[in-house]
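# Residue-level structure breakdown
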Protein chains: 8
Amino acid sequence: MNQQTLHQLLSRVAAGDVAVDDALLALRSLPFESVDDFATLDHHRSLRSGFPEVIYCESKTPAQVAAIAARLAERSPRVLGTRASAEHFAAASQLVPDLRYNELARRLWLIGNPAPRHEGVVVICAGTSDLPVLEEAALTLEMMGHRPQRIFDVGVAGLHRLLPHVPTLQNANVIVAVAGMEAALASVVGGLTDAPVIAVPTSVGYGASFGGVAALLAMLNSCASGVAVMNIDNGFGGGHMAALINQRIVKKD
Amino acid sequence: MNQQTLHQLLSRVAAGDVAVDDALLALRSLPFESVDDFATLDHHRSLRSGFPEVIYCESKTPAQVAAIAARLAERSPRVLGTRASAEHFAAASQLVPDLRYNELARRLWLIGNPAPRHEGVVVICAGTSDLPVLEEAALTLEMMGHRPQRIFDVGVAGLHRLLPHVPTLQNANVIVAVAGMEAALASVVGGLTDAPVIAVPTSVGYGASFGGVAALLAMLNSCASGVAVMNIDNGFGGGHMAALINQRIVKKD
Amino acid sequence: MNQQTLHQLLSRVAAGDVAVDDALLALRSLPFESVDDFATLDHHRSLRSGFPEVIYCESKTPAQVAAIAARLAERSPRVLGTRASAEHFAAASQLVPDLRYNELARRLWLIGNPAPRHEGVVVICAGTSDLPVLEEAALTLEMMGHRPQRIFDVGVAGLHRLLPHVPTLQNANVIVAVAGMEAALASVVGGLTDAPVIAVPTSVGYGASFGGVAALLAMLNSCASGVAVMNIDNGFGGGHMAALINQRIVKKD
Amino acid sequence: MNQQTLHQLLSRVAAGDVAVDDALLALRSLPFESVDDFATLDHHRSLRSGFPEVIYCESKTPAQVAAIAARLAERSPRVLGTRASAEHFAAASQLVPDLRYNELARRLWLIGNPAPRHEGVVVICAGTSDLPVLEEAALTLEMMGHRPQRIFDVGVAGLHRLLPHVPTLQNANVIVAVAGMEAALASVVGGLTDAPVIAVPTSVGYGASFGGVAALLAMLNSCASGVAVMNIDNGFGGGHMAALINQRIVKKD
Amino acid sequence: MNQQTLHQLLSRVAAGDVAVDDALLALRSLPFESVDDFATLDHHRSLRSGFPEVIYCESKTPAQVAAIAARLAERSPRVLGTRASAEHFAAASQLVPDLRYNELARRLWLIGNPAPRHEGVVVICAGTSDLPVLEEAALTLEMMGHRPQRIFDVGVAGLHRLLPHVPTLQNANVIVAVAGMEAALASVVGGLTDAPVIAVPTSVGYGASFGGVAALLAMLNSCASGVAVMNIDNGFGGGHMAALINQRIVKKD
Amino acid sequence: MNQQTLHQLLSRVAAGDVAVDDALLALRSLPFESVDDFATLDHHRSLRSGFPEVIYCESKTPAQVAAIAARLAERSPRVLGTRASAEHFAAASQLVPDLRYNELARRLWLIGNPAPRHEGVVVICAGTSDLPVLEEAALTLEMMGHRPQRIFDVGVAGLHRLLPHVPTLQNANVIVAVAGMEAALASVVGGLTDAPVIAVPTSVGYGASFGGVAALLAMLNSCASGVAVMNIDNGFGGGHMAALINQRIVKKD
Amino acid sequence: MNQQTLHQLLSRVAAGDVAVDDALLALRSLPFESVDDFATLDHHRSLRSGFPEVIYCESKTPAQVAAIAARLAERSPRVLGTRASAEHFAAASQLVPDLRYNELARRLWLIGNPAPRHEGVVVICAGTSDLPVLEEAALTLEMMGHRPQRIFDVGVAGLHRLLPHVPTLQNANVIVAVAGMEAALASVVGGLTDAPVIAVPTSVGYGASFGGVAALLAMLNSCASGVAVMNIDNGFGGGHMAALINQRIVKKD
Amino acid sequence: MNQQTLHQLLSRVAAGDVAVDDALLALRSLPFESVDDFATLDHHRSLRSGFPEVIYCESKTPAQVAAIAARLAERSPRVLGTRASAEHFAAASQLVPDLRYNELARRLWLIGNPAPRHEGVVVICAGTSDLPVLEEAALTLEMMGHRPQRIFDVGVAGLHRLLPHVPTLQNANVIVAVAGMEAALASVVGGLTDAPVIAVPTSVGYGASFGGVAALLAMLNSCASGVAVMNIDNGFGGGHMAALINQRIVKKD
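Values in this document were obtained by computation on a predicted structure and should not be read as measured data.

Each helix and strand in chain A was counted, giving 12 helices and nine strands. Taken over 253 residues, chain A has a buried fraction of 64%. Counting only contacts in chain A whose residues sit at least 6 apart along the sequence, the fraction spanning at least 24 positions is 67%. Carbon and sulfur atoms form 51% of the exposed surface of chain A, whose accessible area is close to 8,800 Å².

What follows is the structure, encoded as structure tokens:
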């Protein structure tokens with residue numbers, strides 16, 4: 001029940017077409033029917049933030065992913081599936097022919113929106129091994145209308161490789177910093193700029209990296225202020241968070 | 001906005017006293033004002049389940065606990081504070097003179113309800129060290145109108161002490177089993193009866209008990225079906241859960 | 001040695017057919033032979049609770065599972081195997097031809113009981129990925145004679161999807177809430193109803209979900225009273241616990 | 001050595017007042033003296049972001065805190081010390097007489113800046129026990145020139161208390177969500193709004209909350225996109241992060 | 001109901017003094033009354049193993065410990081309380097005047113048995129810091145009738161200090177090896193002898209010793225066969241286990 | 001260099017056949033040559049305890065295992081390899097034709113010793129899933145000359161199945177108790193007997209069993225005295241430990 | 001921009017060939033161009049330490065590894081890839097024909113430097129299972145110009161096997177000690193010598209070794225001074241660290 | 001028994017002054033008496049490395065520490081106690097009047113050796129809170145004859161503060177890097193120099209620093225080669241390790 005149907009109901013009460021008690025009955029269910037308004041609002045939010053719903057593929061069967069993707073593709077020109085295997089893509093692309101797939105970032109997507117245009121986001125990672133997560137963040141940003149600047153191969157073990165990028169980091173609206181192992185990159189970047197830093201730990205490493213826990217803890221304990229942390233390998237989340245921030249900054253332009 | 005005020009509004013629209021657009025404006029805020037209905041429902045739930053809100057004292061100052069207790073005491077004859085220190089009680093009893101305190105169970109409470117009367121709940125623990133948690137569960141049950149049967153000193157290291165209680169366990173509607181260390185009691189009780197068992201691990205132990213983690217894990221991995229687990233030392237939760245179950249069983253009587 | 005054989009023995013002593021010392025000898029072993037009484041009682045419990053013994057297949061060979069299933073099928077019309085692979089089923093169905101298999105819930109079962117009839121249990125989960133665990137709980141309930149109402153696709157990230165189900169949740173005798181990731185569903189459901197909630201964390205998630213540990217901890221720390229927790233992915237246990245509770249409520253009808 | 005002093009040096013070389021070799025000597029240290037430029041930039045950053053350096057008091061002696069506070073107070077009208085004990089404050093206030101102290105938020109501060117004026121940040125927490133961390137975030141925001149809106153006592157166990165605040169949450173530029181125990185608040189808030197959410201887990205809880213680990217994990221695994229996480233109890237960091245984001249949004253006004 | 005009372009009952013049935021049905025009634029309760037036989041057996045076990053029940057004092061109040069100690073002292077000349085504080089002892093010694101206390105081993109005890117006489121047990125630890133746990137093991141052994149040989153100050157960092165004791169280790173019936181930190185002592189001792197080694201990790205250490213976890217894990221992973229492990233700081237358990245083994249070896253003498 | 005060769009050397013010095021300096025040279029290496037005595041002693045120990053060295057196959061290549069097995073087979077009629085895959089066996093049996101393999105217990109062995117004959121050890125486990133570990137313990141005992149009595153299918157969820165075995169447990173010299181999940185079996189067995197119990201946790205379980213950690217912790221925290229613990233799934237170690245204990249008991253016969 | 005080009009620039013300013021403002025412009029970029037000096041220094045460091053950059057292969061695709069290896073091979077006669085699979089090697093050897101591969105140590109490398117010649121490093125491990133990590137350390141040392149002495153099969157369970165190597169250990173400049181399970185080797189070696197010991201825990205073990213965590217903790221808690229620890233299985237790091245130390249010792253020769 | 005006494009014994013045998021059997025008796029104890037040679041060697045090592053034995057005070061009583069300190073002071077002019085409380089010092093200084101105490105570094109010591117003179121070691125930490133651990137390392141180095149250069153207040157959050165020290169870091173023989181929180185300092189320092197870095201994590205931090213675990217993991221996972229790690233807060237160990245390395249480098253001068 002949205003505002004329009006509510007108006008109609010009230011008009012009919014005012015016109016005597018609907019008795020007060022009948023209207024009362026109809027309105028009693030309003031707290032839950034009005035939920036549809038929530039959903040509408042939610043729909044608005046989706047349109048603003050860039051896509052209606054993301055398919056988390058990992059625990060789903062290829063058939064389930066395909067069915068959800070097809071249903072979403074009917075409603076929106078933008079579909080996104082994260083942690084998608086080749087099998088997921090194979091099944092889904094039969095129902096959604098234009099679907100695309102990036103093996104490195106393990107994502108499938110359908111993109112119908114205009115070219116990304118919002119500047120201001122930097123995505124940065126230390127090594128080649130962190131690239132899949134960085135790409136997931138960057139592609140998410142692009143689907144949401146942003147044009148992230150990518151910086152990589154700048155691990156702190158060779159600090160000189162990072163320093164030339166300092167001006168870029170200092171001019172960013174928001175930075176997504178992706179790193180595994182000891183993840184010192186987030187602290188170093190956080191100390192070089194006052195842009196908010198979204199830190200994404202990766203599972204790159206072995207032994208006492210514990211599948212990314214060492215990187216996660218390091219980022220949570222960053223001595224640099226202005227660093228907030230996503231789940232391990234959550235490139236999608238990092239990109240999404242950065243997009244939410246950046247679109248609020250650039251919309252003022 | 002409850003049903004009565006809603007009826008009045010609609011009547012005034014029908015009578016032409018309120019314009020459709022004005023009513024529309026009033027009703028637009030209804031999804032949130034109708035939340036008061038939720039609150040009323042919630043209030044009903046509180047009355048049914050035995051008390052409106054529990055004060056978790058541990059991270060609160062004595063002054064905060066006292067103020068909340070006083071506010072609750074105005075609305076309800078039953079007030080309950082868990083993990084309360086002597087300082088909490090000293091402050092609160094100045095504002096709520098009839099407040100009572102049990103140091104062992106670390107709880108303060110005001111009790112205005114009639115004597116507990118619902119049979120069917122058994123609370124059982126292994127050793128003397130587990131008594132504070134068992135008492136917290138038992139007092140919670142009593143405040144909610146149940147009359148739990150207490151069994152203790154029946155650790156599995158001396159199985160013969162437990163066996164005489166088997167008929168009691170088999171006749172229970174629901175059992176709260178409290179145990180620390182390796183918490184084998186929950187599995188043994190669960191294997192001896194088909195009553196649902198609410199298992200409460202305690203922090204009793206040392207070294208590799210890790211403050212109750214060993215007991216918690218043992219209970220979660222119980223090979224006996226029909227054992228569900230509460231947080232460590234959460235005697236209140238165990239008693240509350242058992243009361244919710246038991247009152248649904250006995251209300252049919 | 002049950003009551004009948006005991007009576008016979010005593011009668012023969014009274015009749016002089018058995019000497020006191022011989023009877024004494026026979027009775028000395030009684031504490032352990034009387035264990036058969038325990039078994040009988042246990043058998044009774046099994047019949048009441050719905051099935052005699054569940055086969056936990058995961059660490060067993062297909063041949064072992066098949067043999068146990070065949071032995072159980074001789075004694076009972078109801079056989080249940082959890083965490084069963086297709087190989088387990090292939091082997092077992094050769095010995096028990098009517099055996100059925102559900103790949104999603106990884107269970108094999110033989111069902112000879114009448115259609116489920118007890119209302120009152122709701123099983124609810126947040127996302128498609130949690131479905132296997134929800135199904136395991138629901139099938140367990142059905143085998144035990146209950147007719148659970150399934151609700152899914154109601155994660156808290158879209159609260160409006162959950163709200164229409166509030167009346168259903170408030171009318172339930174007992175609820176099984178299944179959720180992975182941060183498992184906020186259990187707390188939200190627990191806050192919306194005073195029905196006892198059996199929370200089943202799932203291993204759905206990645207990174208810092210640690211195979212379901214994040215969900216498990218969230219459920220154990222639920223700020224809503226009336227939430228008790230099962231092991232990770234233990235849909236069988238959640239369903240079994242709910243059945244034990246519900247059958248005690250409905251048997252009063 | 002900034003641009004001006006560099007210009008002077010080169011001018012003096014061109015004028016013959018300084019020999020090439022002497023200039024060379026001066027310039028050899030330039031990569032590190034030019035670090036002063038970094039420091040200046042950093043100083044600029046500090047002015048922009050609100051205060052030059054924060055004193056983390058916990059592992060420092062009162063005398064150390066007092067000395068650092070005095071040194072900072074000479075350079076800036078704003079001094080901030082986090083996790084400060086009463087002893088820290090007693091020592092520091094002798095050297096910095098205008099220093100103020102908030103026992104609940106365990107912080108000491110000197111504030112010389114004009115009244116906070118930037119709207120757009122909401123700080124929200126679930127229970128009274130989370131207030132110290134919420135206050136730390138709010139005070140940090142205020143010192144950085146923002147005027148946060150505080151919402152509390154809105155835990156998800158009573159969802160109706162949260163719903164009236166939905167419009168506020170949906171209109172925010174950025175939200176700091178503070179919660180302990182199972183921290184479901186962050187997910188629920190994240191699902192109700194598309195504003196970026198900075199989630200701060202607190203150590204409120206007991207047993208399997210493990211000093212805030214349960215809350216931390218829940219927030220990292222939030223099924224709602226747009227939630228980034230700070231360290232446990234890091235109210236300062238949450239407020240700082242929100243200020244960095246909000247000032248970039250409001251500066252466009 | 002023991003064998004004697006059983007014989008009497010049967011005799012009275014044979015004599016016609018007790019009707020079959022009355023005897024049947026009496027015998028129906030036998031599975032639980034016969035539990036008294038378990039208790040008797042258990043009592044026998046207690047006498048054999050050295051003391052009837054140990055008081056774990058840590059989570060008990062001084063009054064509780066005192067009451068239990070007094071009750072035990074009536075039944076047995078040997079009373080043992082582990083993890084006892086000075087307050088526990090003060091309270092208990094008022095009720096049991098002859099009670100003794102060892103602050104280092106945190107134990108209180110009453111000893112009425114003859115001097116220890118069984119040779120064959122060696123208790124060994126690495127450093128002075130491990131002495132309280134070693135003493136707890138040694139005193140337990142002495143109360144159970146054994147005369148342990150103590151070796152200490154033989155950490156593996158100075159292997160030469162350990163080597164002179166090799167013959168003693170090789171002649172032992174059983175060894176209790178107590179060590180904190182990395183606990184290499186257990187493996188080295190286990191490699192030097194074929195006597196069974198009961199390893200007791202201690203909480204001596206700091207940082208990544210995690211309160212004895214490092215020592216516990218090292219002992220569980222010992223590359224030397226013949227090493228079994230007790231809980232952290234469980235000197236009582238180590239001594240008790242060694243006594244159980246040794247008394248079975250020496251009783252053949 | 002043993003006592004005899006030492007005597008010869010000294011005699012030749014006394015006889016003038018060996019110069020002091022030459023003897024000195026010979027004796028300088030004595031601390032390390034005398035190590036050969038250690039080795040000899042160690043060899044003796046091996047013979048006594050049943051086999052010279054065990055091959056831990058898991059991290060070794062098939063070729064390495066085969067080579068080591070062949071070398072050992074030259075020196076001893078008894079060879080044992082634990083955690084051996086079929087590939088390990090295939091490679092090793094080509095060099096050691098009589099080698100045997102047990103897939104369930106993942107072990108390969110060559111056995112040349114007479115039939116086991118020492119009574120007194122009981123190996124017990126709860127469920128079918130624990131059988132591989134129980135078998136590893138039992139086979140180890142058999143290779144070392146013992147004849148263990150096997151008890152299984154006696155989980156505590158059906159206590160009546162365990163009780164008939166109580167006399168066997170009470171008459172044992174030493175018991176190896178194997179259990180996964182919550183491992184309550186060890187505590188229950190420990191409480192029923194005063195025989196020393198070697199507890200072996202298994203990795204049977206899922207979710208919060210954490211690969212056997214729940215069972216391990218439960219056993220370490222057993223409230224029954226006389227329970228010492230081996231590493232998870234270490235059936236070999238449990239059997240070896242029991243053999244060391246039992247052979248010291250039975251050798252007195 | 002190094003010192004020479006800086007001198008030229010200043011000379012040209014002094015000579016009036018370059019205007020002050022133009023020089024200023026050139027020098028403004030110096031903080032980042034001077035980074036090239038960092039890079040040059042870094043290059044020097046690489047040459048001194050033995051190889052310019054190591055390829056961590058584990059999270060990279062074969063194509064990525066091949067491309068990096070080819071690029072490095074153009075600049076240096078020494079290329080090293082750690083944790084390389086056979087697929088990595090197959091791809092890389094097509095672009096770098098002389099590349100070599102060691103399956104045991106999972107490394108690929110190109111070696112153009114003269115034969116190792118620096119004595120003084122000992123690499124030691126306990127069992128055959130630790131060999132891959134030991135080999136990784138040894139090969140790293142050889143590529144950096146050292147000639148390590150290998151000792152293995154000297155686990156502490158048979159201490160006599162270690163003792164003959166004591167003089168070698170005492171004469172070493174630096175020792176790399178590699179061990180899994182309980183890793184007592186590091187402490188024992190550390191206690192036998194005053195050479196610095198680089199301890200490398202391995203993931204050899206099962207159950208409560210937790211993939212090398214037990215070994216890691218044991219080494220971190222070593223009671224022997226002079227033991228520093230690398231990540232689990234980090235043979236490369238251990239060898240590299242030892243080479244850095246040894247080359248500083250031997251360069252004085 | 002060293003070489004000289006051995007020579008004397010043999011000479012007396014050759015001269016007939018000692019009978020063969022008597023010499024044999026003397027020599028039988030030689031494997032263990034020759035351990036005295038180990039001890040002597042160990043003594044030599046102690047003199048070389050700087051002090052004979054370190055008193056780990058934390059788990060010892062003041063009386064124990066005092067007695068050990070007094071015994072050591074008789075043998076050596078250098079005594080060192082780590083983790084010493086004021087009570088430890090008060091007791092010990094009564095027996096060893098010249099003993100000194102540093103509250104910050106929690107150490108007591110007696111120093112009789114000449115002034116430190118070996119250059120080449122740098123000790124560096126990030127913040128004021130890390131100073132106690134840095135001081136412990138520095139004092140240990142000074143007692144062992146080295147003159148460490150201290151650098152502090154150079155956390156990576158303000159990278160410009162670290163850069164001026166790069167030449168010092170690059171010229172060091174060995175560096176001790178002390179850091180808490182995310183401990184990025186170790187990686188940054190390791191990347192700026194090819195000197196071996198001994199990394200000491202500190203327990204500075206809160207929440208998810210877990211008492212130094214975050215710092216420990218970060219250091220173990222350093223992407224910079226040449227970083228080896230000590231236990232949390234083990235400043236003594238870091239200084240000792242650096243001294244062992246440096247003295248081998250400088251002794252060549």
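The next subject is the interface of chain D and chain A. Taken together, the contacts link 38 residues of chain D with 38 residues of chain A. With both sides pooled, the region where chain D packs onto chain A buries about 3,100 Å², and carbon together with sulfur makes up 59% of that total. Our count for the contact surface shared by chain D and chain A stands at two salt bridges. Elements represented by at least two residues in the side of chain D that touches chain A include exactly α4 (35-49), α9 (166-171), α10 (184-192), β8 (197-201), α11 (213-220), β9 (227-229) and α12 (235-250) of chain D. Its residues assigned to classes, the side of chain D that touches chain A comprises 20 nonpolar, 11 polar and seven charged.

In the structure shown here, the tally under the stated rule is 40 salt bridges over all chains. Between arginine 147 of chain D and glutamate 119 of chain D there is a salt bridge, with the nearest N and O atoms lying 3.1 Å from each other. Here arginine 147 of chain D is found in the loop between α7 (131-143) and β6 (149-151), whereas its partner glutamate 119 of chain D is found in the loop between β4 (107-110) and β5 (121-125), with 28 residues between them in sequence. Residue glutamate 119 of chain D is classed as partly exposed on the basis of its relative accessible area of 46%. One continuous salt-bridge network, built from bridges that share partners, spans Glu135, Glu142 and Arg150 of chain A.

What follows is about the interface of chain H and chain A. With 23 residues of chain H at the interface, the matching set in chain A holds 23 residues. Applying the counting criterion to the chain H and chain A interface returns zero salt bridges. For the pair chain H and chain A, the interface holds eight residue pairs in polar contact (both at pLDDT 80 or more). Broken down by element, the side of chain H that touches chain A gets its largest block of residues, five residues, from helix α10 (residues 184-192) of chain H.

Bringing the side chain of asparagine 231 of chain G into the picture now. Its location among the elements puts asparagine 231 of chain G in the loop between β9 (227-229) and α11 (235-250). We classify asparagine 231 of chain G as buried; its relative accessible area is 2%. Residues within four places of asparagine 231 of chain G in sequence aside, it is in contact with Tyr206, Gly207 and Ala208 of chain A, Val200 and Pro201 of chain G together with Leu220 and Asn221 of chain H.

The next subject is the side chain of serine 209 of chain D. Along the chain, serine 209 of chain D falls in the loop between β8 and α11. What serine 209 of chain D contacts, discounting residues up to four positions off in sequence, is Asn231 of chain B, Asn221 of chain C together with Val204 and Ala214 of chain D.

In this section: the state of the cysteines. Using the criterion set out here, one finds zero disulfides over all chains in the structure. A disulfide-free cysteine, cysteine 57 of chain D has its sulfur positioned 16 Å from the sulfur of cysteine 223 of chain A, the nearest such atom. A residue is classified by how much of its surface remains accessible, and cysteine 57 of chain D, at 0% relative accessible area, is buried. Considering cysteine sulfurs only, cysteine 223 of chain A is the nearest to cysteine 125 of chain H, which forms no disulfide, with 12 Å between them.

All right, on to the sheet that holds strand β2 (residues 79-82) of chain E then. All names here are of chain E. Spatial ordering of the open sheet is given by β1-β2-β4-β3, a layout of four strands whose pairing is mixed. On the outer flanks of this sheet lie β1 (54-56) and β3 (100-102), each paired with one strand and no other. Here the strands of the sheet are splayed against their neighbours by 20° on average, with no regard to which way each runs. Bridge count for β2 against strand β4 (residues 107-110) is three bridges, and the pairing is antiparallel. Bridge pairing in β4 places valine 79 opposite leucine 110. Helix α7 (residues 131-143) contacts β2, β3 and β4 of the sheet and is inclined by roughly 10° relative to β4.

Residue and element names in this part refer to chain B. Taking 1.5 Å per residue, 13 residues should reach 18 Å; helix α7 (residues 131-143) reaches 18 Å between its end C-alpha atoms and fits that length. Most of α7 sits out of view: 11 of its 13 residues are buried. Among all positions of α7, only Leu131, Val133, Leu134, Glu135, Glu136, Ala137, Ala138, Leu139, Thr140, Leu141 and Met143 are buried. Glycine 145 sits one or two residues past α7 and shows a positive phi near 100°.

A word on the confidence of the model for chain A. Residues and elements named next belong to chain A. On average, residues of chain A carry a pLDDT of 81, and 83% of them reach 70 or more. At the level of individual helices and strands, chain A shows its lowest average pLDDT in helix α4 (residues 35-49), which scores 39, and its highest in strand β8 (residues 197-201), which scores 97. pLDDT under 50 marks residues 28-50. Its contacts with residues more than four places away, or in other chains, come to 44 contacts. This complex was scored by the predictor with a pTM of 0.82 and an ipTM of 0.77.

All names here are of chain B. Residues Arg107 and Trp109 point to one face of strand β4 (residues 107-110) and Leu108 and Leu110 to the other, with burial holding for every one of them. The pairing of strand β3 (residues 100-102) with β4 spans three bridges and is antiparallel. By the bridge assignment, arginine 100 is partnered in β4 with tryptophan 109. Adjacent in sequence and paired antiparallel, β3 and β4 are bridged by four residues, among which arginine 106 carries a positive phi angle near 50°.

Turning next to the relation of the copies chain D and chain A. Overlaying chain D with chain A gives an RMSD of 0.6 Å, the required rotation being 179° about an axis along which the chain moves by 0.0 Å. With respect to symmetry, the two chain copies, as superposed, fit the operation of a two-fold axis. For chain D, the residue whose C-alpha comes nearest the rotation axis is isoleucine 249 of chain D, separated from it by 2.1 Å. Taken together, the interface assignments show that 100% of the residues at the interface of chain D recur at the interface of chain A, consistent with an identical surface on both copies.

Now for the relation of the copies chain H and chain A. For the pair chain H and chain A, the superposition axis carries a translation of 0.1 Å, the fit reaches an RMSD of 0.4 Å, and the rotation angle comes to 179°. Looking at chain H, 100% of its interface residues are interface residues in chain A too, so the copies touch through the same face.

Right, let's talk about the environment of isoleucine 198 of chain F for a bit. Within the secondary structure layout, isoleucine 198 of chain F lies in strand β8 (residues 197-201). Note: C-alpha distance between isoleucine 198 of chain F and leucine 9 of chain F (189 residues apart in sequence) is 48 Å. For isoleucine 198 of chain F, the contacting residues outside a window of four places in its chain are Met241 of chain E together with Val174, Ile175, Val176, Ala177, Ala228, Met230, Gly238, Met241 and Ile245 of chain F.

Residue and element names in this part refer to chain G. Of the two faces of strand β2 (residues 79-82), both are covered, the one formed by Val79 and Gly81 as well as the one formed by Leu80 and Thr82. Where strand β1 (residues 54-56) and β2 come together, three bridges link them in parallel fashion. Across the sheet, isoleucine 55 pairs through a bridge with glycine 81, a residue of β2.

All names here are of chain H. The strand order across the open sheet formed by four strands is β1-β2-β4-β3, and the pairing between neighbours is mixed. A single partner strand is all that each edge strand has here, and the edge strands are β1 (54-56) and β3 (100-102). Here the strands of the sheet are splayed against their neighbours by 20° on average, with no regard to which way each runs. Relative to the sheet, helix α5 (residues 62-75) contacts β1, β2 (79-82) and β4 (107-110), its axis offset from that of β1 by approximately 180°.

Let's shift gears to the packing of aromatic side chains. For the structure shown, the criterion picks out 16 aromatic pairs over all chains. Considering the side-chain rings of phenylalanine 89 of chain D and tyrosine 101 of chain D, the 5.0 Å spacing of their centres and the 15° angle between planes classify their relative orientation as stacked. Of the two residues, phenylalanine 89 of chain D is situated in helix α6 (residues 86-95) and tyrosine 101 of chain D in strand β3 (residues 100-102); the sequence distance between them amounts to 12 residues. Residue phenylalanine 89 of chain D is classed as partly exposed on the basis of its relative accessible area of 21%. Its relative accessible area of 24% is what places tyrosine 101 of chain D among the partly exposed residues. Over the ring of tyrosine 206 of chain F we find arginine 83 of chain C, and its NZ or CZ is 3.6 Å from the ring centre.

All names here are of chain F. Among the secondary structure elements, serine 225 is positioned in the loop between α10 (213-220) and β9 (227-229). Assessed through its relative accessible area of 27%, serine 225 is described here as partly exposed. For the pair serine 225 and glycine 191, spaced 34 residues apart in sequence, the C-alpha to C-alpha distance is 7.7 Å.

Turning to unusual backbone geometry, a few remarks are in order. Trans peptide bonds make up most of the peptide bonds, and negative phi angles are found at most residues other than glycine. Of note in this structure, aspartate 233 of chain A is not a glycine but carries a positive phi near 65°. Residue classification places aspartate 233 of chain A among the buried residues on the basis of a relative accessible area of 18%. For arginine 83 of chain C, which is not glycine, the phi torsion reads 50° and is therefore positive. One can find arginine 83 of chain C in the loop between β2 (79-82) and α6 (86-95). When its relative accessible area of 8% is taken as the criterion, arginine 83 of chain C is described as buried.

So, how was this worked out
- Residues numbered from 1 in each chain as written.
- Chains lettered and ligands numbered in written order.
- Predicted model: local features only at pLDDT ≥ 70, side-chain atom pairs only at ≥ 80, totals over all residues.
- Heavy atoms only, no water.
- Helix = DSSP H or I, 4+ residues; strand = E, 2+ residues; numbered from the N terminus.
- Buried < 20%, exposed > 50% of the residue type's maximum accessible area, 1.4 Å probe, protein only.
- Contact = heavy atoms within 4.5 Å.
- Areas by Shrake-Rupley, 256 points an atom, 1.4 Å probe, with all protein chains shown as cover.
- Buried area = accessible area lost by both parts, 1.4 Å probe.
- Salt bridge = Lys/Arg side-chain N within 4 Å of Asp/Glu carboxyl O.
- Nonpolar A, V, L, I, M, F, W, Y, C, P; charged D, E, K, R; others polar.
- Polar contact = N/O pair within 3.5 Å; in protein donor to acceptor, adjacent residues only side chain to side chain.
- Disulfide = S-S within 2.5 Å.
- Pairing = 2+ DSSP bridges.
- Axes fitted to C-alpha atoms, helices over the stretch in contact; angles between N-to-C directions.
- Expected span 1.5 Å × (residues − 1).
- pLDDT = per-residue confidence, 0-100.
- Least-squares fit on C-alpha atoms with pLDDT ≥ 70 in both.
- Phe/Tyr/Trp six-rings, centres within 6.5 Å; stacked < 30°, edge-to-face > 60°.
- Lys NZ or Arg CZ within 6 Å of the ring centre and 35° of its normal.

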